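Reading the structure
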Amino acid sequence: MKQKTVATAVFAAERQPSACPLPVAVAAVSAGFPSPADDYLEGTLDLNQYLIRHPAATFFVRVAGDSMIEAGIHDGDLLLVDRSLEAADGKVVIAVINGELLVKRVRRAGNRLLLLPENPAYEAIEVRQEMDFELWGVVTHVIHAL
């Protein structure tokens, strides 16, 4: 089996996010046919307020590997993880199995709990009782360079 996608570094989010207001354009940006540009800004947007809903329960992890590439999670990306959210079926989560941090999609199948990759080159992991297992949180955002 190929190497799993793992979290290589964990960073805490600030409990009280610092203000980081950035300008926001009033008009949406067209991804198709270009529209005339507007010459004014709507105001500012603080990415801390936009991305972090529960600062005390939020942390960042850096990704290593490509098992979640089809979910838009690339090697080297930063993930925002919220520990206060429920790890419901279909959510992308950070899990710990036998001391190793993993990023996978949760799938409940009857009594079984599966951690699914988003790359056909990798196999699903079935969580079994003999494993040291913990769900750390739900991935809410992915940050990567284009």
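Small disclaimer: the values here were computed from a predicted structure and weren't measured.

**So, the overall build of the chain**
On a plain count of helices and strands, the chain comes out with 1 helix and 10 strands. Start at the N end of the chain and walk to the C end: the helices and strands fall as β-β-β-α-β-β-β-β-β-β-β. A burial count over the chain gives 32% of its 146 residues as buried. Considering only contacts in the chain between residues 6 or more positions apart, those separated by 24 or more positions represent 61%. Summed over all atoms, the accessible surface of the chain reaches about 9200 Å², with 53% contributed by carbon and sulfur.

**With respect to the packing of aromatic side chains**
Counted by the stated rule, this structure contains 1 aromatic pair. Note on Phe59 and Trp136: the rings are 5.7 Å apart at their centroids and 85° apart in plane angle, and the pair reads as edge-to-face. A residue pair is termed long-range when its members are at least 10 positions apart, and Phe59 in strand β4 (residues 58-64) and Trp136 in strand β10 (residues 133-143) qualify at 77 residues. You can call Trp136 partly exposed: its relative accessible area is 24%.

**A closer look at the side chain of Asp82**
Relative to the helices and strands, Asp82 is located in strand β5 (residues 78-82). The buried charged residue Asp82 lacks any salt bridge partner; its closest oppositely charged side chain belongs to Arg53, at an N-O distance of 7.8 Å. A distance of 2.6 Å separates polar atoms of two side chains, one belonging to Asp82 and the other to Ser84. Dropping the residues within four chain positions of it, Asp82 is found in contact with His54, Ala57, Thr58, Gly137, Val138 and Thr140.

**Considering a nonpolar patch on the surface**
A cluster of nonpolar side chains, contributed by Leu45, Leu47 and Tyr50, occupies part of the molecular surface with about 270 Å² of accessible area. Tracing the sequence through the fold places Tyr50 in helix α1 (residues 47-51).

Calculation criteria
Residue numbers restart at each chain and count upward from 1, following the sequence in its written direction. pLDDT decides what is reported in this predicted model: residues at 70 or higher carry local features, side-chain atom pairs at 80 or more are listed and counted, and totals for whole chains, interfaces and linings draw on all residues regardless. Calculated side-chain values reflect all of the structure's heavy atoms, with hydrogen atoms and water omitted. Helix and strand labels come from DSSP, where a helix needs a run of H or I of at least four residues and a strand needs a run of E of at least two; each type is numbered from the N terminus. Throughout, exposure labels follow a simple rule: accessible area from a 1.4 Å probe, protein chains only, divided by the maximum for the residue type, with under 20% read as buried, over 50% as exposed, and the rest as partly exposed. Note on contacts: a residue pair is in contact if any heavy atoms of the two residues lie within 4.5 Å. Accessible areas in this description were obtained via Shrake-Rupley with a 1.4 Å probe; residue shielding takes into account the shown protein chains only. Here the aromatic set is Phe, Tyr and Trp, taking the six-membered ring for Trp, and pairing holds for ring centres within 6.5 Å; pairs whose planes are under 30 degrees apart are stacked, those over 60 apart are edge-to-face, and all others are tilted. The charge count includes Lys and Arg as positive and Asp and Glu as negative, but it does not include His or the ends of the chains. Any Lys or Arg side-chain nitrogen found within 4 Å of a carboxyl oxygen on Asp or Glu counts as a salt bridge. Polar contact is the term for a pair of N or O atoms within 3.5 Å; when the atoms are in protein, one must be able to donate a hydrogen and the other to accept it, and sequence-neighboring residues count only if both atoms are side-chain atoms. Each patch is built from residues lacking any salt bridge and having more than 30% relative accessible area; the joining distance is 9 Å for like charges and 5 Å for nonpolar side chains (Val, Leu, Ile, Met, Phe, Trp, Tyr).

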